[in-house]
Amino acid sequence: MIRHRGSQIYASILVNSLYAMVNYPIMLINTLLAPLSILAVVTFASHGTLLPVAAEGALIMNMVTSGTAMQGDLSHLKNDMRLQDMVVSSPTGPGSYVVGMALSQIVYSVPTISLLIIFNILFVHLSVVGAFVLFLDMAAIFTFAVSLGFFLSTISTDIIQTWAFSGILAPILTTIPPVYYPISYIPLPYRYLAYISPTTYAAQIAQSQAGFTVLTLTQTFEYWIILIAITVVFGYIALKRSRWRDV
Amino acid sequence: MREITFSLNHNGIFSLIGENGAGKTTLVRILSTQLMPTSGSASIDGLDVVTQASQIRENIAAVPQEARAVPWMTPLQTITSYLMYRGYTHSDSRAIARDTLRKLGMERIEEQKNRNLSGGQKRKVLVATILSSEAELIFLDEPSTGLDYLSRKELWSMFTSMKKERSIVLTTHYLEEAEELADTIGMLFQGKLAAFGTMHDLRKLMKYPYSIKVSAPDFELNNIAGKVIHLPDGLTQIFTFETEVFDIVNSLIPKKINFTVQEVSLNTIFENIVYGGKNND
């Protein structure tokens, strides 16, 4: 028989987002709340001056949380439902499964992304080139987050461990680093710590496109190189070190 | 696991039995390419489970132990998505899923959420899921554990309908299930294959292949080869040779003592092999 790779990818989108969205619409509110709540807090605390920065940061955060949220979903389907084992013993390979699950996260957050894009159109005013760079930036950080999420899901043995990973990742990658605010707000001795997180580079690139921060050409180049390198490294780890088949 | 070597023919049910921790699930997970073996080799249709797993996966399907139908999905969605994982188009998957559910008399529950189904119905959904596929070799790891008798019987009829055109590897704790369904049985004990064959082959391993239960608490054999066990319920169980059965029965009929004659059950064989011949040596 002819097997359709597209169907295998679409199956994950159905299982992990479309069926869940249809059967549990409240999940849509859940995905909206996380980025919007921080956006609101930053906006109110800054008397509205940081709204544009935070609106752009919320897009970055949404991509990261979508990617890392995949960890929880994959772990649940693997450890609690044993669905992944059923898929392992089928013609679907890990690539199709992960791509499908990653796309399912995007589908899941379509309402959030749509709302944030409206915010960005209203408050950020990016050029066409700037919007394209932001898109590439979001794609890179999403690929990093998905790779990290997949790797962690394959080594986690139960949902409690998965929650622990998520609880650590969320603040380290999105809340603490200068994603919702300019990096200059961090006092200098601590500013260097922000560069541990790949989201700092993604946010800096995005903020420079909107004119919220100024990066030299060399800095822009360096940040892209670092972001891509981290993404490639984690992508490689996810592909090579993840346990599709248990050992 | 160690020292496990066997080969199976196409179609029919091969049942793996054994105590908890005997290695049933490990063996099934290795064969269904879910678990990497640390050593040794196994092949399916000449394809190695380690190096040619992707080719094997074209032709197999598995319901793992403790697998659960995703609670927020319906049976129709469960089967449809699984078939799509096997590479069917969405429209084909949905049509086949509907057809499978109809054939199994499950069309009434096809739009209900899995979480609202009974335990037996949930298992039936999982079995229907792989039944709907084109896979020729199916692995079912303890699919009937925890189900009531009627639910198990319903699953049995599904397995029986499957085995005509497919090969099924079935692990179970219910020995009567293996005896009822399996064409070939493998008995695992402490990671080793302690016995393998048809029920006929396994009975040959017993010293006494026949069992007679007599409704007389004090029945004794007189010059007849065999072994007598007085059961707590007042019955007497006699293990004996086929040639002796006729003589024993002839001695019981004039005395108007009720009795049943049967070949030794898998329970007896299992106890004998695993626990070292308590009842039949």
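Residues numbered from 1 in each chain as written. Chains lettered and ligands numbered in written order. Predicted model: local features only at pLDDT ≥ 70, side-chain atom pairs only at ≥ 80, totals over all residues. Heavy atoms only, no water.

Participant: Honestly, the overall build of chain B in this entry has me stumped. Any pointers?
Facilitator: From N to C terminus, chain B includes ten helices and twelve strands. In terms of its C-alpha atoms, chain B occupies a principal-axis envelope of roughly 70 × 45 × 30 Å. Within chain B, the fraction of its 281 residues that count as buried is 52%. When contacts within chain B are restricted to residue pairs at least 6 apart in sequence, long-range pairs at least 24 apart make up 66% of them. If you sum the accessible surface of chain B, you get close to 13000 Å²; carbon and sulfur atoms cover 48% of it. (Helix = DSSP H or I, 4+ residues; strand = E, 2+ residues; numbered from the N terminus. Buried < 20%, exposed > 50% of the residue type's maximum accessible area, 1.4 Å probe, protein only. Contact = heavy atoms within 4.5 Å. Areas by Shrake-Rupley, 256 points an atom, 1.4 Å probe, with all protein chains shown as cover.)

Participant: Explain the side chain of A:Ser7 here, please?
Facilitator: Within the secondary structure layout, A:Ser7 lies in helix α1 (residues 5–23). Among the polar contacts made by the side chain of A:Ser7, one reaches the main-chain carbonyl oxygen of B:Tyr88 at a distance of 2.9 Å. Those residues within four positions of A:Ser7 in sequence are excluded, and the remaining contacts are B:Met84, B:Gly87, B:Tyr88, B:Thr89 and B:His90. (Polar contact = N/O pair within 3.5 Å; in protein donor to acceptor, adjacent residues only side chain to side chain.)

Participant: For this particular structure, what's the right way to read the confidence of the model for chain A?
Facilitator: In low-pLDDT segments, the atomic positions of the prediction should not be examined closely. Averaged over chain A, the pLDDT score is 90; the fraction of residues at 70 or greater is 100%. Summarising per-element confidence for chain A, the mean pLDDT is lowest in helix α2 (residues 26–45) of chain A (83) and highest in helix α10 (residues 198–210) of chain A (95). (pLDDT = per-residue confidence, 0-100.)

Participant: Got a minute to help me understand the layout of surface pockets in this structure?
Facilitator: Where empty space is left in the structure can be found by rolling a water-sized probe over the atoms. Residue and element names in this part refer to chain B. Size it by volume and the largest pocket reaches roughly 1100 Å³. What lines the largest pocket is a set of 45 residues, and nearest its centre among them are Phe6, Leu31, Ala42, Ser43 and Ile44. Only β1 (12–18), α1 (24–31), β2 (43–44), α2 (53–57), β5 (137–141) and β6 (167–172) provide two or more residues apiece to the lining of the largest pocket. If one sorts the elements of the lining of the largest pocket by residue count, α1 sits on top with four residues. For the lining of the largest pocket, the per-class residue count stands at 24 nonpolar, 16 polar and five charged. Here the second largest pocket is characterised by a volume of approximately 760 Å³. (1 Å grid on protein atoms, 1.4 Å probe; cavity = no way out; pocket = protein on both sides within 12 Å on 5 of 7 lines; lining within 4 Å. Points joined across faces, edges and corners; volume = space filled by probe spheres on them. Nonpolar A, V, L, I, M, F, W, Y, C, P; charged D, E, K, R; others polar.)

Participant: Quick question: what am I supposed to make of α10(A) here?
Facilitator: Each α-helix winds once per 3.6 residues, and so residues spaced three or four apart point in a common direction. Residues and elements named next belong to chain A. In this model α10 runs 19 Å from its N-terminal to its C-terminal C-alpha over 13 residues, within 8% of the 18 Å that 1.5 Å per residue would give. The element α10 is largely enclosed, with a buried count of twelve among its 13 residues. Turning to α10, its buried residues are Pro198, Thr199, Thr200, Tyr201, Ala202, Ala203, Gln204, Ile205, Ala206, Gln207, Ser208 and Ala210. The elements touched by buried residues of α10 are α3 (51–80), α7 (128–155), α8 (159–175), α9 (188–194) and α11 (217–241). Two residues or fewer after α10 comes Gly211, characterised by a positive phi angle close to 85°. (Expected span 1.5 Å × (residues − 1).)

Participant: Before we go on, may I ask you to explain the nonpolar core in this structure?
Facilitator: Soluble globular proteins: nonpolar side chains tend toward being buried together. By size, the foremost hydrophobic cluster in this structure holds 72 residues, and its most contacted members are A:Met70, A:Leu77, A:Leu83, A:Tyr97, A:Ile141, A:Tyr180 and B:Tyr85. It is α3(A) that provides the largest number of residues to this core, a total of 13 residues. Not counting chain neighbours up to four residues away, the residues in contact with A:Tyr180 comprise A:Pro35, A:Ile38, A:Leu39, A:Val42, A:Val53, A:Ala54, A:Gly57, A:Ala58, A:Met61 and A:Thr174. Counting residues in each nonpolar core, the second largest holds 52 residues, with B:Ala69, B:Val127, B:Ile168 and B:Leu181 among its members. (Core = buried A, V, L, I, M, F, W, Y, C linked by side-chain atoms within 4.5 Å.)

Participant: Is there a simple way to explain the pairing of strand β8 (residues 192–197) of chain B in this structure?
Facilitator: On a regular strand, one side chain projects to one face of the sheet and the next to the other, so that they alternate. Residue and element names in this part refer to chain B. Looking at chain direction, strand β7 (residues 184–189) and β8 are connected through five bridges and run antiparallel. What sits directly across from Gly186, in β8, is Phe196. Connecting β7 to the next strand, β8, in antiparallel fashion are two residues, including Gln190 with a positive phi near 50°. (Pairing = 2+ DSSP bridges.)

Participant: Would you mind showing me how to read the sheet that holds strand β4 (residues 60–63) of chain B here?
Facilitator: All names here are of chain B. A sheet is described by the order of its strands in space; here six strands give the open sequence β4-β5-β6-β1-β7-β8, paired in mixed fashion. The sheet is open, and its two edges are formed by β4 and β8, each paired on a single side. The sheet shows a mean angle of 15° between the axes of neighbouring strands, taken without regard to direction. Contacting β1, β5, β6 and β7, α1 crosses the sheet at an angle of about 140° to β1. Seen against the sheet, helix α10 (residues 266–274) touches β1, β7 and β8 and runs at an angle of roughly 35° to β7. (Axes fitted to C-alpha atoms, helices over the stretch in contact; angles between N-to-C directions.)

Participant: I would appreciate a short explanation of the packing of aromatic side chains in the present structure.
Facilitator: All told, the structure shown has eleven aromatic pairs over all chains when counted by the stated rule. Seen from their ring centres, A:Tyr97 and B:Tyr85 are 6.0 Å apart, and the 45° between their planes marks the pair as tilted. Of the two residues, A:Tyr97 sits in helix α5 (residues 94–108) while B:Tyr85 sits in helix α3 (residues 75–85), which places them in two different chains. The burial state of A:Tyr97 is the same as that of B:Tyr85; both residues are buried. With a centroid separation of 5.7 Å and 50° between ring planes, the pair formed by A:Tyr195 and A:Tyr201 is classed as tilted. With relative accessibility at 24%, the residue A:Tyr195 sits in the partly exposed group. (Phe/Tyr/Trp six-rings, centres within 6.5 Å; stacked < 30°, edge-to-face > 60°.)

Participant: Sorry, what's going on with the interface of chain B and chain A here?
Facilitator: Many authors give the size of an interface as the accessible area that is lost as the parts come together. Between chain B and chain A, the contact holds 43 residues from the first and 35 residues from the second. Overall, the association of chain B and chain A removes approximately 3400 Å² of surface from exposure, summing both partners, and the carbon and sulfur fraction of that is 58%. Sorting the residues of chain B by area buried against chain A places B:Arg57, B:Trp72 and B:Tyr85 first, and these three jointly supply 26% of that buried surface. When the shortest N-O distance is used, the salt bridge between A:Arg3 and B:Glu58 registers 2.6 Å. Applying the counting rule to chain B against chain A returns 24 residue pairs in polar contact (both at pLDDT 80 or more). At the level of elements, α1, α2, β4, α3 and α5 (119–131) of chain B are the ones that each hand at least two residues to the side of chain B that touches chain A. Among the elements that make up the side of chain B that touches chain A, the one with the highest residue count is α3(B) (six residues). (Buried area = accessible area lost by both parts, 1.4 Å probe. Salt bridge = Lys/Arg side-chain N within 4 Å of Asp/Glu carboxyl O.)

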